[in-house]
Amino acid sequence: MRLDQRVAIVTGGSSGIGREVCLDFARSGALVVVADIQEAPKQGIYHEQDTTTTTVQEVENVGGHALFVQADVASEKDVERLVAAAVEEFGGLDIVVNKAGIYIPGDSQDLSTHDWDRVVGVDFRSVFLLTKYSVPHLKRSQAGRIINIGSVHSFRGGAGPAYAPVKAAVVNLTRDSATELAGHGVTVNAICPG
């Protein structure tokens, strides 16, 4: 499927699944806005081990166009600024991928309230915020799309008192947003990797 000149925001785009989504969009002709807390790819056991180039560099290596916007997606001001930057740079917005996510291990006794709030902010509040600020632009698109990334844990517990409930909430917000936006030609779907 070609996405020529479609403008896509991908949160969590510096590493992992988000990075690969950015590259796939670029290979399909989309103009990509890479949003993340840091531009450098994350390193470690759950991330790339040998990746040193940024996602924007890799997009350009495949002949695409990209913009990096540093954003804490749990921050309303950052998300509002992110959408504004995408529209200013590329003239509109067609696709939003809510991929940013964190996992902080711990059970109900170990996980601090601060860490619980942080997981909720990054993994769920961000989905609401980016949807909120993107919808006016997506309604003007001829192919407005929102893709939310849930998890296999969206349908069962086992990943702690923050992560699994938040991912279940992402699926339910996806359903609510799909109902809200169907009449405007904007589709909203969730993908739940496992």
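Residues numbered from 1 in each chain as written. Predicted model: local features only at pLDDT ≥ 70, side-chain atom pairs only at ≥ 80, totals over all residues. Heavy atoms only, no water.

**Looking at the packing of aromatic side chains**
Filter applied, for reference: Ring pairs are drawn from Phe, Tyr and Trp, using the six-membered ring of Trp, whenever the two centres fall within 6.5 Å, and their geometry is named by plane angle: stacked under 30 degrees, edge-to-face over 60, tilted for the rest. The secondary structure listing takes helices from DSSP runs of H or I that are at least 4 residues long and strands from runs of E that are at least 2 residues long, numbered from the N terminus. Relative accessibility under 20% of the residue-type maximum defines a buried residue, over 50% an exposed one, and the middle range a partly exposed one, all with a 1.4 Å probe and only protein chains included.
A full pass over the atoms with the stated rule returns one aromatic pair. Ring centres 5.5 Å apart and planes at 85° place the aromatic pair Tyr-103 and Tyr-163 in the edge-to-face group. Of this pair, Tyr-103 sits in the loop between strand S4 (95-98) and helix H4 (113-140) while Tyr-163 sits in helix H5 (residues 163-181), and the two are 60 residues apart along the sequence. Among the residues examined, Tyr-103 registers a relative accessible area of 46% and is labelled partly exposed.

**Observations regarding the environment of Arg-175**
For Arg-175, the location among the structural elements is in helix H5. With relative accessibility at 53%, the residue Arg-175 sits in the exposed group. Linking Arg-175 and Ala-190, residues 15 residues apart in sequence, is a C-alpha distance of 8.5 Å.

**Details of the packing of H4 against H5**
Stated formally: Helix axes are fitted only over the stretch in contact, all axes being lines through C-alpha atoms; the angle between N-to-C directions runs from 0 to 180 degrees. Under this scheme an angle from 65 to 115 degrees is roughly perpendicular, one under 35 degrees roughly parallel, and one over 145 degrees roughly antiparallel; angles in between are oblique. Helix crossings fall into two classes, left-handed where the near helix is turned counterclockwise from the far one by less than a right angle and right-handed where it is turned clockwise. Between two residues, a contact is recorded if the distance between any of their heavy atoms is within 4.5 Å. Three residue categories are used. Nonpolar comprises Ala, Val, Leu, Ile, Met, Phe, Trp, Tyr, Cys and Pro, charged comprises Asp, Glu, Lys and Arg, and polar comprises the others, including Gly.
Relative orientation of the contacting elements H4 and H5 amounts to 15°, with a least axis distance of 9 Å. If you check the angle between H4 and H5, you find them roughly parallel. Two packed elements cross with a definite hand, and for H4 against H5 that hand is right-handed. Judged by residue contacts, Val-119, Val-120, Asp-123, Phe-124, Val-127, Phe-128, Thr-131, Val-135 and Lys-139 of H4 engage Tyr-163, Val-166, Lys-167, Ala-169, Val-170, Leu-173, Ser-177 and Leu-181 from H5. Counted by class, the contact of H4 with H5 contains twelve nonpolar, two polar and three charged residues.

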